[in-house]
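# Structure at a glance
Here is what each chain is made of, one letter per residue.
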Amino acid sequence: MRIVTWNVNSLAVRMERVTEWIELFSPDVLCLQETKLGNDAFAHDVFEELGYESAHHGQGQWNGVAIISKVGLDDVRPDFDDGRGEPDPDARILWATCGGVRIASCYVPNGRSLDDDHYTYKLDWLDRLAADLDTNTSPADDLCIVGDFNIAPDDRDVYDPAGMIDMTHTSQAERDKLANLADWGITDLFRQHHDEAGLYSWWDYRNGDFHKRRGMRIDLLLGSASVADRTHRTFVDRNARKGKQPSDHAPVVADLR
DNA sequence: ATGGTAGCGCTGCTA
């Protein structure tokens, strides 16, 4: 079973690239972020023609997350269910069960800067994710929480760690939130198979950063122990960042037995 | 070198 996360930075612009990628890589479950679509504009029929069911949680202009599956799409639920009784103001998380695995497609807030309200929102958002997991799932379940976390887990995941101290994506507080999730029972599947630095999933459009290999690894697949045990291969498809009108993110793939 | 690119949508915000 192949599970993929990909921040497409506008599905309207990227639709042809996404369908071509699906035909090349045949994911079982493809989780998208930053569709930037309203729910009415999401082309379920295009994915259906390729043999996939799809669910979308969007708001238009910004954000928007989707799950596209050819191994079932059950118990679909947008947003948080963490007992707080107040919806996320943004469309940033969508849950579904696919092929027996409880999956979430997440677009974690960027944070902007450490003194910005958006950074407070980011830390709170990660607490809500943890509370939702604790409320509705168990670490003993088959879980795969994926998406654009906007956090580089450690300094191997940043091209210039010395130049990025006290910035969003690398600050200790947000890395601690990721560590809390790991302590609860979902871990970074990519790091099971790769120790080296410089394996990024996002590169800024500016300054030719992709070609200079200046990026960050911020797109993650977090799996429970059972999913981690089944994962035999993980990789980033850097080729998807090349050519005409790429997203600034590349797809990250986990293959499960 | 305090810029640069991309997307949304129409002016400046977001990333």
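In what follows, the structure referred to is the one given above.
Before going into details, it helps to say that this report is about the structure given with it. What you see is a predicted model, and the numbers here were worked out from it, not measured in a lab.

The strand order across the open sheet built from six strands is S3-S4-S2-S1-S12-S11, with neighbouring strands paired in mixed fashion. Edge positions in the sheet fall to strand S3 (53-57) and strand S11 (231-236), since each has one partner strand and no second. Adjacent strand axes in the sheet meet at a mean angle of 10 degrees when their direction is disregarded. Pairing of S3 with strand S4 (residues 65-69) involves five bridges; the strand directions are antiparallel. For Ala 55, the partnering residue across the bridge sits in S4 and is Ile 67. Across the sheet, helix H1 (residues 11-25) lies against strand S1 (2-7), strand S2 (29-33), S11 and strand S12 (252-256), angled at about 160 degrees from S1, the strand it touches most.

Here we come to the protein's contact with DNA strand B. The environment of DNA strand B is formed by 16 residues, the closest being Ser 10, Val 13, Arg 14, Arg 112 and Arg 206. For DNA strand B, the backbone portion of the atoms within 4 Å of the protein, that is sugar and phosphate, comes to 67%. Within the side chain of Ser 10, an N or O atom sits 2.5 Å from a phosphate oxygen of DNA strand B. At 2.8 Å from a phosphate oxygen of DNA strand B is found a side-chain nitrogen or oxygen belonging to Arg 112. For the surface near DNA strand B, a count of residues per class yields four nonpolar, seven polar and five charged.

Scoring rules and cut-offs
- Residues numbered from 1 in each chain as written.
- Chains lettered and ligands numbered in written order.
- Predicted model: local features only at pLDDT ≥ 70, side-chain atom pairs only at ≥ 80, totals over all residues.
- Heavy atoms only, no water.
- Pairing = 2+ DSSP bridges.
- Helix = DSSP H or I, 4+ residues; strand = E, 2+ residues; numbered from the N terminus.
- Axes fitted to C-alpha atoms, helices over the stretch in contact; angles between N-to-C directions.
- Contact = heavy atoms within 4.5 Å.
- Near = heavy atom within 4 Å.
- Polar contact = N/O pair within 3.5 Å; in protein donor to acceptor, adjacent residues only side chain to side chain.
- Nonpolar A, V, L, I, M, F, W, Y, C, P; charged D, E, K, R; others polar.

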